[in-house]
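Observations on chain architecture
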Amino acid sequence: MNFNAQHLIIGLIQFIIIVMLAPFFAGFIHKLKQRARGQKGINIFQFYINFNKLLKKELVLSKDATFISNIAPYIVFVTYLIILLMLPAFYRYSLLGISSDVILIAYSLALATFFMTLYAMDHGSAFGGLGASREWFLTVLSEPSLIFIFISLAIFTKQGRITDIFYVIQKGAENAFLTGAGSSTVSVAIPFLLFISLFIVSISENARIPIDNPETHLELTMFHEANILEASGKHLGLYEYGSYLKLTVFLTIMSLILFPYMAVNIYQIPLAFIIYVLKMIILCIFIAGVEIVNPKMRVFRVPNILSVSFILSLIAMILSIRRF
Amino acid sequence: MIMEKIAELFIILILVSVVLNVSSPFIKFAIKLYSFQSLMLAFYILMGAVHFNSINLYGSFAITIIFKVILIPYFLFKTLKKVKMDKEINMYIGIPEAVVFAGSLTLLSNLIAQKIIKTGITFGSFVFTISLATFLIGAMLMITRKTLFSQIIGFLTIDNAIFLAANSITHGMPLLVELGVLFDLFVSILILSLLILNLRRNVAS
Amino acid sequence: MHHKLLDLILILPAAALLFSIFTDVLWMSYLQLAVSVLVFLTVGAIAVSFNSITVFLGGFFFVDYINLVILITVSTLELFVAFYSFGYVRSEIAGGVSKRKFKFYYFWKNLFIFSMMVSILSNNLGIYWTGLEATTLATALLVSFNRTKESFEATWKYVIMCSVGIAIGLFAIVILYFTTSQVYGESMRSLSFINIMQAGAKLDKNFLMLSFILALVGFGTKVGFAPMHNWLPDAHSQGPSPVSALLSGVLLNTALLGILRFYQINGAAGIYYPKYFLICFGFLTIFVSAFSIIKQTDYKRLFAFSSMENMGIIALGFGIGGIAVIGSLLQIFFHALNKGLLFLSSGNVLAATHERRIDKIRNLSKNFPITGIVLLFGAMGISGMPPFAMFLGEIYIMTGVFRNDIWLGFLVFILLILVFIGLFGKVLKMYVGKANASDEEEDGELKTGSTGASHKTVIEAGLHPFIVYVPLIMLLFSSFLLFYIPYPFLHIIKSAAAEFGGRLIFK
């Protein structure tokens, strides 16, 4: 990969656009859900307004809080920003594409979770510990499938970087559908399995309905919310924005698996951008649909569905190993 | 080429539906999944029929739809309604363990398929892997679950796996034989439903 | 030989099936007698005039020496069972069982016989499979005939296990079809047994081997080979006695025929190691059943395990080859006869006493003079004692085993002695044993169903003469066969054995 100015500029623009769009996607899902329930629904840009308001509010910290409480929200937020810097959403050469190793992405996500739970426990309230342990219960179960998803993608395309992985898939599909020639990097089954698996993982990681419901503050049902119950002001704003970014990370990876189309030069960018936004909106509708249709699941049934995700990614990995 | 890939999707959906079946404790859902799985099998046969333009396979598609997608699930639902059985299935092992076990069975069948294919003629090794895995997971469903319905579901899953294998390594069995096999399957489901009704009546009284 | 004669074997049971729907039960029992006699005579005529493999009904069915042996077995046992049923139906109806139930009995029994005939005679392995699965389904409702909880559970186990087993058998057929379609293309010819045998060495050996193993496990479930035998004692002991006799006597052989066909195909392709699988499964089955017989407390289950043991011996004989194959083929016939009489006569005891436990049945010599003696000598015969025909089959098999491997022979011999002790000892206790204390004697008397009469009452006198004397005739016939085997039958056995490479003369 060559570092010329064009890549840097477009990569930066791509990054800024994704970060700016993140609250929009979250708001869109929220709005869809509310409309489906027959409510009038929030303003679709409500989450921007919320963030703005939270930044202005006073920050209150517990008297037991240590320095961790001061740094954790920033680390969480910055980690998600760094992951977004790596992702090739609609332009093939993302800003940090050269170091966008899939393992790095997987563990960066875990790092953010780690600091969020540290923050939760740092305040010394009962809910924090409860939330932290629940959060890890989910993460421990969904981590293996996330790793397997990434590894099977890497094995399937024989690439390590996420930008290269999706570029190889894109090229293979282009060749297959334009010229009709078969190649070893074209498959319907493996992306399909990975998509289902990643969908389940993102439902659980992003605290969506069958597994968690962040809209309520009942102690019995809280997963994600219990962690940031003590956060206020700027910290809460960062966490909220971080969760939108996390959602965007998962949605972007899913959109790439669903239909990889990335611009390689400046002329393809408008089309690629439109396709990206369309894919994201379709996925948002999909997630909102799942959230509307399903009731919240009992906590002890959560491992069932996560184990399915794990096994599907395992099967995808087996199938991609066979390609060698 | 594109057709092959779409066929691949149908096959993988069969395996996905079996894994989902292992993960779910609901009988109704299991019957629906079976119907879906048979539909995928039928579509796979249809792809073959279009590809090879074989009347045999078109016939096979039709009878699969009639028996496996419509009739058998219909009678199972009817029996379920009459029996008013508990919706939750009792199991000998927990669901996550069972799902992980199903995954390892898939691994195993992958190994076996590769062993066999190394020694002999190569045929659709992908389909063979999936059908072997479906077969083994179906057997596992029968062994690990206590409810009579899930034994039927396991048996039907095994049967689907054999049909998948028959349609992948050959272009389907002769139609006469296939018709006989499906009819026998259908009658056996009727008899098993009858037995479930009688067994429930005996337990109740 | 006329093709019409061959068609008749299939047409007659089908006709009986039709009659059983429309005819009254008592009339049906006469019709059944007529049909069974006709089938027996037809098979006899075929057996006498048979000289080469004959294909009929558009190539879907055929007769060769091997299925002729099983065909003779089926028709002979079915003849006796028809006579027994004649009496059985009458005495049960007199005992208060509804006529409608017996209408079902005749319907399912004829369906069973018909599908068994289809399966035995089929040239096409797909049709064989269909017929075999149909036998499972037809007998399912016969096994649950008594409509008790135990019988429904036994039926459930039977249908589920056999269906799964036969599904594995279907997998074997699919793989065989794949292999043969390399030679014949994808058509019915690729499933035709005769064509497959002709293709012989052209077939892929790995896939043939795989298909044999799958067939052994799959159809072996229905034969009752050891690790897959769980359903057998329950299913065979729960049905009405004539059905138990048919299940044990001939249905197991029909399933065994499938394995033998795959064995033959492997032999034709020049693969010789399937025989070790047969020896293995045979020995394991004898081993498991021998120890199960010793700890058995239910006499019908006892005989069911004995069927399992005999199937083990037969499989062992086929695996050993040579002279043992002749023994196995003889054993197929003799075992059906002997097991039939055991189940029929124990059915008499069950019908009169409604008691299944061995230790509750005592003093058969007084209460059941004829049935008791038939049971006693039948138990002797089934364990291979001399005055009965099974001695002949077992001596051939044991000779073969000893010539093959003396240690294996020694082990099998010990197991056979165990079986003899278990079976004969238990039946002897039932025959002459007395209840211990006097109060228990009264209790036992109540159990044996005599309504207030003195314990010298012969309960047997209340039974229909047919169901008392048919087992006796079978016993006499079995004893007679030891001394004189009709020449055509011997010829058929020898020719069938030759197809497995078996011969009478020592080399």
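Residues numbered from 1 in each chain as written. Chains lettered and ligands numbered in written order. Predicted model: local features only at pLDDT ≥ 70, side-chain atom pairs only at ≥ 80, totals over all residues.

**Structural notes on the overall build of chain B**
- Tallying secondary structure elements over chain B gives 7 helices and 0 strands in all.
- Taken over the C-alpha trace, chain B has a radius of gyration of 17 Å; the compact-globule value for 205 residues is 17 Å, and the two agree within 12%.
- Taking the principal axes of the C-alpha coordinates as reference, chain B spans close to 55 × 35 × 25 Å.
- With 205 residues in all, chain B has 54% of them scored as buried.
- Partitioning the intrachain contacts of chain B with sequence separation of at least 6 by distance along the chain shows that 75% fall at a separation of at least 24. (Helix = DSSP H or I, 4+ residues; strand = E, 2+ residues; numbered from the N terminus. Rg over C-alpha atoms; globule rule 2.2 N^0.38 Å. Buried ≥ 20, exposed ≤ 12 C-beta atoms within 10 Å, placed from the backbone. Contact = placed C-beta atoms within 7 Å.)

**Some details on the overall build of chain A**
- The secondary structure content of chain A amounts to 11 helices and 0 strands.
- In chain A, the succession of helices and strands from N to C terminus is α-α-α-α-α-α-α-α-α-α-α.
- Relative to the globule expectation of 20 Å for 324 residues, the C-alpha radius of gyration of chain A, 20 Å, shows essentially globular dimensions.
- Taking the principal axes of its C-alpha atoms as reference, chain A extends roughly 65 × 45 × 40 Å.
- Going through the 324 residues of chain A one by one, you find that 49% of them count as buried.
- Partitioning the contacts of chain A with sequence separation of at least 6, the portion at a separation of at least 24 is 78%.

**A short note on the confidence of the model for chain B**
All names here are of chain B.
- Mean pLDDT for chain B: 86, with 92% of residues reaching 70 or above.
- Put simply, helix α4 (residues 95-119) is where chain B has its lowest mean pLDDT, 85, and helix α2 (residues 27-52) is where it has its highest, 92.
- Reported confidences for the modelled complex are a pTM of 0.88 and an ipTM of 0.91. (pLDDT = per-residue confidence, 0-100.)

**Comments concerning the interface of chain C and chain B**
- Facing the 32 residues of chain C at the interface are 28 residues of chain B.
- Residue assignment for the side of chain C that touches chain B shows that the elements contributing at least two residues are α5 (125-143), α6 (149-184) and α8 (205-223) of chain C.
- When residues of the side of chain C that touches chain B are assigned to their parent elements, the largest contribution, 16 residues, is made by α6 of chain C.

**Examining the interface of chain A and chain B**
- Contact residues are listed per partner, giving 20 residues for chain A and 20 residues for chain B.
- Those elements that provide at least two residues to the side of chain A that touches chain B are α7 (189-205) and α11 (302-322) of chain A.
- Take the side of chain A that touches chain B: its biggest share by element is 10 residues, from α11 of chain A.
- Residues belonging to the side of chain A that touches chain B are distributed by class as follows: 15 nonpolar, 5 polar and no charged. (Nonpolar A, V, L, I, M, F, W, Y, C, P; charged D, E, K, R; others polar.)

**A few points about the packing of helix α9 (residues 233-258) of chain A against helix α10 (residues 269-293) of chain A**
Residue and element names in this part refer to chain A.
- Put simply, α9 and α10 touch, their axes get as near as 10 Å, and they point 110° apart. Relative to α10, the element α9 lies roughly perpendicular. Of the residues in α10, those touching α9 at Leu251, Met254, Ser255 and Leu258 are Tyr276, Lys279, Met280 and Leu283. (Axes fitted to C-alpha atoms, helices over the stretch in contact; angles between N-to-C directions. Parallel < 35°, antiparallel > 145°, perpendicular 65-115°, else oblique.)

**Quick look at the environment of Gly220 of chain C**
Residues and elements named next belong to chain C.
- With respect to the secondary-structure elements, Gly220 resides in helix α8.
- For the pair Gly220 and Gly169, spaced 51 residues apart in the sequence, the C-alpha separation amounts to 8.8 Å.
- Residues contacting Gly220, with those up to four places away along its chain left out, are Phe225, Met228, Ile259 and Phe281.

**Regarding unusual backbone geometry**
- If you check the backbone angles, Lys158 of chain A has positive phi at about 60° while not being a glycine.
- With respect to the helices and strands, Lys158 of chain A occurs in the loop between α5 (126-157) and α6 (162-179).
- Residue classification places Lys158 of chain A among the partly exposed residues on the basis of 14 C-beta atoms within 10 Å.
- One non-glycine residue with positive phi stands out, namely Asn53 of chain B, at about 50°.
- Tracing the backbone through its elements, the reader meets Asn53 of chain B in the loop between α2 and α3 (55-83).

**Remarks on the packing of α6 of chain C against α8 of chain C**
Residue and element names in this part refer to chain C.
- Look at α6 against α8: their axes get within 7 Å of each other, and the N-to-C directions meet at 160°. Here α6 lies roughly antiparallel to α8, going by the angle between them. The interaxial crossing formed by α6 with α8 has left-handed handedness. Contact with α6, carried on its side by Met161, Cys162, Gly165, Ile166, Ile168, Gly169, Phe171, Ala172, Ile175, Leu176, Phe178 and Thr179, involves Phe207, Leu208, Leu210, Ser211, Leu214, Ala215, Val217, Gly218, Phe219, Thr221 and Lys222 of α8 and no other residues of that element.
- For the contact of α6 with α8, a count of residues per class yields 16 nonpolar, 6 polar and 1 charged. (Left-handed = near helix turned anticlockwise from the far one by under 90°.)

**Structural notes on helix α15 (residues 369-382) of chain C**
All names here are of chain C.
- With 14 residues, α15 extends 20 Å between its outermost C-alpha atoms, agreeing within 8% with the 20 Å of an ideal straight helix rising 1.5 Å per residue.
- On its buried face, α15 is in contact with α12 (299-320), α13 (323-353), α14 (364-367), α16 (390-404), α17 (406-432) and α19 (465-483).
- Where α15 ends, the next residue or the one after it, Gly384, has phi of about 85°, a positive value. (Expected span 1.5 Å × (residues − 1).)

**Focus: the environment of Leu175 of chain B**
Residues and elements named next belong to chain B.
- Tracing the backbone shows Leu175 in helix α7 (residues 175-204).
- For Leu175, a count of 17 C-beta atoms within 10 Å gives the class partly exposed.
- As for Leu175 and Ile63, which are separated by 112 residues in sequence, their C-alpha atoms are 9.4 Å apart.
- Residues contacting Leu175, with those up to four places away along its chain left out, are Asn56, Gly59 and Ser60.

**Examining helix α2 (residues 25-49) of chain C**
- Taking 1.5 Å per residue, 25 residues should reach 36 Å; α2 of chain C reaches 36 Å between its end C-alpha atoms and fits that length.
- In this structure, the buried side of α2 of chain C is in contact with α1 (3-22), β2 (61-63), α3 (65-94) and α4 (99-121) of chain C.

**Structural notes on the nonpolar core**
- Ranked by internal contacts, the top residues of the largest apolar core, which has 359 residues, are Ile14, Val19 and Ile162 of chain B together with Val69, Phe171 and Val174 of chain C.
- Excluding residues within four positions of it along the chain, Val174 of chain C makes contact with Ile162, Ala165, Ala166, Ile169 and Met173 of chain B. (Core = buried A, V, L, I, M, F, W, Y, C linked by C-beta atoms within 7 Å.)

**Comments concerning the environment of Leu121 of chain C**
Residues and elements named next belong to chain C.
- Take Leu121: it is sitting in helix α4.
- Sequence-wise, Leu121 and Leu17 are 104 residues apart; in three dimensions their C-alpha atoms are separated by 18 Å.
- Not counting residues within four places of it along the chain, the set of residues in contact with Leu121 comprises Ile9, Leu10, Phe61, Phe62, Val63 and Asn67.

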